[in-house]
Each structure stands twice: as structure tokens, then as C-alpha cells.
Amino acid sequence: MKTPLNCQNYINGQWLNAATETTLNSHNPANKSEIVATFPRSQADDTDRAVTAARQAYGSWRKVPAPARAEYIFRVGELLLQHKEELAQLISREMGKPITEARGDVQEGVDCAFYSAGEGRRLFGQTTPSEMPNKFAMTVRMPIGVCALITPWNFPVAIPCWKAMPALVCGNTVILKPAEDTPACATKLIEIFAAAGLPPGVINLVHGVGEEAGKALVEHPNIDLVSFTGSSATGAYVGETCGRTHKRVCLEMGGKNAQVVMEDADLELALDGALWGAFGTTGQRCTATSRLILHRDIKEKFTTMLRERTSQLRLGAGTEPETDIGPIINNRQLQRVHEYMNIAREEGAKILIGGEIVTEGQLKQGYFFQPTILDNVTPQMRVAREEIFGPVVALIEVSTFEEAIAILNDTKYGLSSSVYTRDINRAFVAMRDIEVGITYINGPTIGAEVHLPFGGVKQTGNGHREAGTTALDVFTEWKSVYVDFSGSLQRAQIDNRS
Ligand SMILES: NC(=O)c1ccc[n+]([C@@H]2O[C@H](COP(=O)([O-])OP(=O)(O)OC[C@H]3O[C@@H](n4cnc5c(N)ncnc54)[C@H](OP(=O)(O)O)[C@@H]3O)[C@@H](O)[C@H]2O)c1
Ligand SMILES: O=CCCC(=O)C(=O)O
């Protein structure tokens, strides 16, 4: 076993313990007796110190030209690439995902760095004709100020990058509060930002518990914006608090994503999509496929194919190269997934394969759950409506394409979706009628690219998008600027419609 990493907060360019000197530990979910890191249990004093540093730094950072700000982020991208393997190994150890997926997590950060850095030379505004002679009119993007970034454990590098990189290029300063399950990943990431030479206070890291450090940030009067990714329950609290305290807020929350497989689909292709959409990252992606809506003509055949492939999946530590499915993040989440098996049975669903916590061999040292297929699921069952966030997929049979789309839409969430069909007309109807933020045609519900908007509708989000140029709308305000070059004040210029 490796020696636990000693993680600290990063405030105003300094690595610090919590003011109370209290600490917590993170564990390897594939081997719960292994402590991966010790990290500060920060309280309001620590967050306050970080907010003060970020506020102080904001005064000068917002005046650094955007292309120069972007060059720091470009350097972060280069450093992330240099440290990709080291970071990926750490993600696998602390979060549990297979090493290939962990490399993908870091690569998303790299892609985001290079993409966001490019935005530093764009950040376009508009020019528009004025109603008046001798007047020039334009719009410019302005930074918002001090941003709190609150992130989950499932993409411990990519999601902080999605937030911090555009925020910084836009001229904001930031404070990251990462998930308490993945403090080491966050620490290594911030070490890389620090190594890129960002001035003190521009990026800060405050570890701790959501209910303490996270809450202190959300409530803090000197925070201007909260960008949150996590559960809908916590997001509701963040949204309410930001409303009450007049902060900008960007929420990215849960999902109950569906893949439709029509009778004319390429079944082998759809099978790969279903397998990795449902069980990749142990089902712990906001974009994971948790409902498979199957046309009755192919349901039996497809179910047999899926069951066969599922039975071949290899569970193990993410750091083992042959592992397909890693552990669940922690015991609380493991028990929650298990509890849904009782709910499924009580509601009349049938567990086709899986359904149990793994208690044999080496795997009993970790939080492993068998990849699970639930059959005979109807759209009203809780397992078809609630986000389980584990390796569980529910099969729902339909008779028509219209029924498939209606069931896909019959959820309070709206993040990702997928339709497998060879019919171009159906594909376009799906693109038009599915109520989500992301639709894939003949591809799984997972696999977002950083230059497209990422986020969802309904209770998945609050109207914002991460990534793409849309991230700039989160992290900037518009200012309209009128330049009068007439040299004299005229009545008509003040009240130009009279
Ligand atoms: N739509 C998306 O883009 C997206 C992407 C990834 C994940 N997700 C969603 O995230 C969820 C899984 O992540 P999770 O279990 O980590 O979610 P979570 O429990 O809501 O936690 C998310 C973050 O919020 C913090 N937090 C908890 N309570 C807080 C409070 N009262 N005030 C401020 N911060 C608080 C957590 O800290 P602690 O870790 O200390 O509790 C963590 O840093 C799933 O629902 C998934 O769908 C959504
Ligand atoms: O869990 C959130 C990120 C998922 C992602 O990048 C994807 O699967 O598209």
C-alpha cells in the first residue's frame, strides 16, 4: 500500500491546513482499508480566507488581457498532458474507475484547456449600428467576479476543469470545493494550475464536507457565482440559497437517461452502446444509460445478447488493466444501489442478472456491485423514474416509435438520450421531440465532447450549459457600451425617440 497523500487547502498561493487542524481521509473504493489521502476538514474560517484571497486577486486578474489569461490555461493543458498517466492512476485509485476511463477523464481536462485557451482570443462581443448619428454601439463580455466551483467525485479532473478553465479565461477568480471522496485528485489538479504560474488568489482550493465548507461558500456574501455539479437534492439547496442571496448560479444535476433501440437498428452497435452506456464508470455518470427502451420485435433477442455480454464483464480495481467495471464510490452509495433491488422486486421487476453486492474473494475488500439488468420494468416504477447512479439498467418494452419517445420523455430529468435506428426520418423526429440537453443517434448516451454545450433540461439543470462557447455565458455578464463622438450634447441623443 502506498503512503497516504497529505493534501492541503490552496489559498492565496499557499498550501495550508484547516484553521482547526482537523482532517479527514479518502479511501480506495476497491480496497476500503487503503487510505489514499488525508485532507483538511475546512470550516467557514477557511472558506472566508479563500474568498478574501480570490476577491483581492480579482482586482488585477480581470485586467490581465484575455489572451494572456488564456496562455496560463494553455500551459495547464500542457502540464496535464505531461502528468496524464500519474493523474489517471490516482483517479483509478481514489475514485475507482478503470484506468482507460481515468485517462479519458484527464484528457477531457486537456481538451478543455486547449479549447478554453482558444476562447481567450475570441470572447467576441458585437458591434451594432446606433440609432443616432456620431454614436458607436457595442457589447462586451465582462467577468462576474469570485466564483465558487462545487464538484462531484465521478469526474474528479474533467468537471473541475470544465468549470475553472472558462471561468479563469473570462477573468474571474475561483475557489474549488471538490467532493470529499476525491480530494487527492483535486489537489494534484490544483498543483498543476499552480505550476502553470497563475498569480496567488486566482485559483484556490478548499477541501471539506459539503454541509460545512460547501455550504459556507454557497452562503458567503462575497461570492458572486456558484457553479455546481451534483445531485438534484443538493442542487435545489444551492439554487434556493443563491436566489435568496442574489448570486448567479449554474446547476448541473441528475439524469435518468434512456437509450431507445428500434426494430430496424444495428443490434451489435446498439449492444455496445447499451453495455458501455449502462455499465461504463459503474453506471456513475450523469449521462449513464439507466433505461433501455426496446421495441418488442427485437426485445427478446437484444436482451439475450445484452445478458450474455454483461455476464462477461470483469469486475476489479480500476488500476488493473483488465478491469471492465470498477467499484462503487463508497459504502453509502453501494447500500443505496442494493436497496433499489428490493424496490425493484417489490414493484414486480425481474432481476435478470446481477442484483447483489459482491462478497467473494478480493472484491469483498471493496464496494463492488454486480452489473444488473432489470426486466419487466414499467414506466411508473421507481427504478424507471429515480436516478440510481450505479451499474443497473431497466428494460422497458414498447410497440411503436412514438411510444418510445413518450416514455423517454416521461421523466423529471433531461440530460442525455440515444436512439438506435436506420430510419433517417425517425432520427430527425427524435432530434426534434426528445426533451433533453443531449441526443445521440446511433451512439450511446455517454461521450460528450468539450466544444459542445453540456447540460440538461427540466430538473437536470437551470438553463445553463457547461463546455462549448455556452460556458462563456455562465462566466460573463454582458455590458452594452455607447460611444458618442459628436462632441456636443444634443437633446435628441438623450431622448432619441421623441
Ligand atoms: N449534470 C451533470 O453535469 C452531472 C455531472 C456529474 C454528476 N452529476 C450528478 O451528481 C450526482 C452524484 O454526485 P454527488 O453524489 O457527489 O452529488 P452531491 O452529493 O450533490 O455532491 C456534489 C458536491 O456538492 C457538495 N455538497 C454536498 N452538500 C452540500 C451543501 N449543503 N452545500 C454545498 N455543497 C454541498 C458535495 O460535497 P461532499 O462530497 O463533501 O458531500 C460535492 O462536492 C448525481 O446525481 C449525478 O447525476 C451531474
Ligand atoms: O458525469 C458527467 C460527465 C459525463 C460525460 O462526460 C459523458 O459521459 O458524456
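Owing to the predicted nature of the structure, the values given are computational and were not obtained by experimental measurement.

Calculation criteria
Every chain is numbered independently, its residues counted from 1 as its sequence is written. The lettering of chains begins at A and the numbering of ligands begins at 1, in the order of writing. Reporting in this predicted model follows two pLDDT cut-offs: at least 70 for local features of residues, and 80 or more for side-chain atom pairs to be given and counted; totals over whole chains, interfaces and linings ignore these cut-offs and use all residues. Processing note: side-chain calculations cover all non-hydrogen atoms of the structure and skip hydrogens and water entirely. Going along the chain from the N terminus, every DSSP run of H or I of four or more residues is numbered as a helix, and every run of E of two or more is numbered as a strand. Radius of gyration means the value over C-alpha atoms here, while the globule rule gives 2.2 Å times the residue count to the 0.38 power. Buried, partly exposed and exposed residues are distinguished by accessible area as a fraction of the type maximum, computed with a 1.4 Å probe on protein chains only: under 20%, between the cut-offs, and over 50%, respectively. Computed over the protein atoms alone on a 1 Å grid, cavities are sets of points where a 1.4 Å probe fits but cannot get out and pockets are open sets with protein on both sides within 12 Å along at least five of seven lines; a residue lines them when it has an atom within 4 Å of a point. Grid points are joined across faces, edges and corners, and a volume is the space filled by probe spheres set on the points. As a working rule, the residues Ala, Val, Leu, Ile, Met, Phe, Trp, Tyr, Cys and Pro are called nonpolar, Asp, Glu, Lys and Arg charged, and the rest polar, with Gly in that last group. A cutoff of 4 Å decides nearness: a residue is near a molecule or strand if any of its heavy atoms lies inside that distance of it. In protein, a polar contact requires one atom able to donate a hydrogen and another able to accept it; more generally it is a pair of N or O atoms within 3.5 Å, and residues adjacent in sequence count only if both atoms are side-chain atoms. A 1.4 Å probe and the Shrake-Rupley method give the accessible areas. Residues count as covered only by the protein chains that appear here. At least two DSSP bridges between two strands are required for those strands to pair. We call two residues in contact whenever any of their non-hydrogen atoms come within 4.5 Å of each other. Structural elements are reduced to axes, namely lines fitted to C-alpha atoms, with helices fitted over the stretch in contact, and the angle between N-to-C directions of any two is expressed from 0 to 180 degrees. UniProt positions are given in the numbering used here, feature names are shortened, and annotations may be inferred rather than shown by experiment.

> Lay out the overall build of the chain with the relevant residues and their values.
In terms of helices and strands, the chain carries 16 helices and 20 strands. Over its C-alpha atoms the chain spans a radius of gyration of 24 Å, differing by no more than 12% from the 23 Å that the globule rule assigns to 498 residues. On the principal axes, the C-alpha backbone points of the chain span a range of 80 × 60 × 40 Å. Counting the 498 residues in the chain, one finds 57% classified as buried.

> Tell me what's going on with the layout of surface pockets, and back it up with residues and numbers.
Volume-wise, the largest pocket comes out at about 1100 Å³. What lines the largest pocket is a set of 44 residues, among which Trp153, Phe228, Gly230, Ser231 and Thr234 lie closest to the centre. Among the secondary structure elements, those contributing two or more residues to the lining of the largest pocket are helix H5 (158–169), helix H7 (210–219), strand S11 (225–229), helix H8 (232–244) and helix H11 (331–347). Broken down by class, the residue content of the lining of the largest pocket amounts to 20 nonpolar, twelve polar and twelve charged.

> Just give me the short version of the site of ligand 2, but keep the residues and values in it.
Taken together, Glu108, Asn154, Phe155, Trp162, Arg285, Cys286, Thr287, Ile446, Gly447, Ala448 and Phe454 are the residues near ligand 2. Within the side chain of Thr287, one N or O atom sits 2.7 Å away from an oxygen atom of ligand 2. Considering ligand 2 on its own, with 280 Å² of exposed area, one finds that the protein chains cover 99% of that surface. Here the shell around ligand 2 is built from residues that sort into six nonpolar, three polar and two charged.

> Explain the sheet that holds strand S1 (residues 5–6) to me, and be specific about the residues and the numbers.
Overall, mixed pairing links the three strands, which are arranged S1-S5-S4 in an open sheet. Only two strands of the sheet have a single partner each, and these edge strands are S1 and strand S4 (23–28). As paired elements, S1 and strand S5 (residues 31–40) share two bridges and run parallel to each other. Looking across to S5, one finds that Asn6 is bridged to Thr38. Together, S1, S4 and S5 form the strand contacts of helix H3 (residues 84–94), whose direction differs from that of S5 by roughly 115 degrees. In this fold helix H6 (residues 183–195) packs onto S1, S4 and S5, with an angle of close to 45 degrees to the strand it touches most, S5.

> Explain the UniProt feature "active site" (unreviewed entry) in the chain to me, and be specific about the residues and the numbers.
Per the UniProt entry, the sites bearing "active site" (unreviewed entry) are Glu252 in this numbering. Considering the arrangement of structural elements, one finds Glu252 in strand S12 (residues 248–252). Setting aside its immediate chain neighbours within four residues, Glu252 contacts Phe228, Thr229, Gly230, Phe454, Gly455, Gly456, Thr460, His464, Arg465 and Glu466.

> Lay out empty space enclosed by the protein in plain terms, naming residues and giving numbers.
Tallying each qualifying case throughout the model produces five cavities of 30 Å³ or more. Its boundaries defined by the atoms lining it, the largest cavity holds a volume of some 90 Å³. Residue composition of the lining of the largest cavity, by class: six nonpolar, six polar and three charged.

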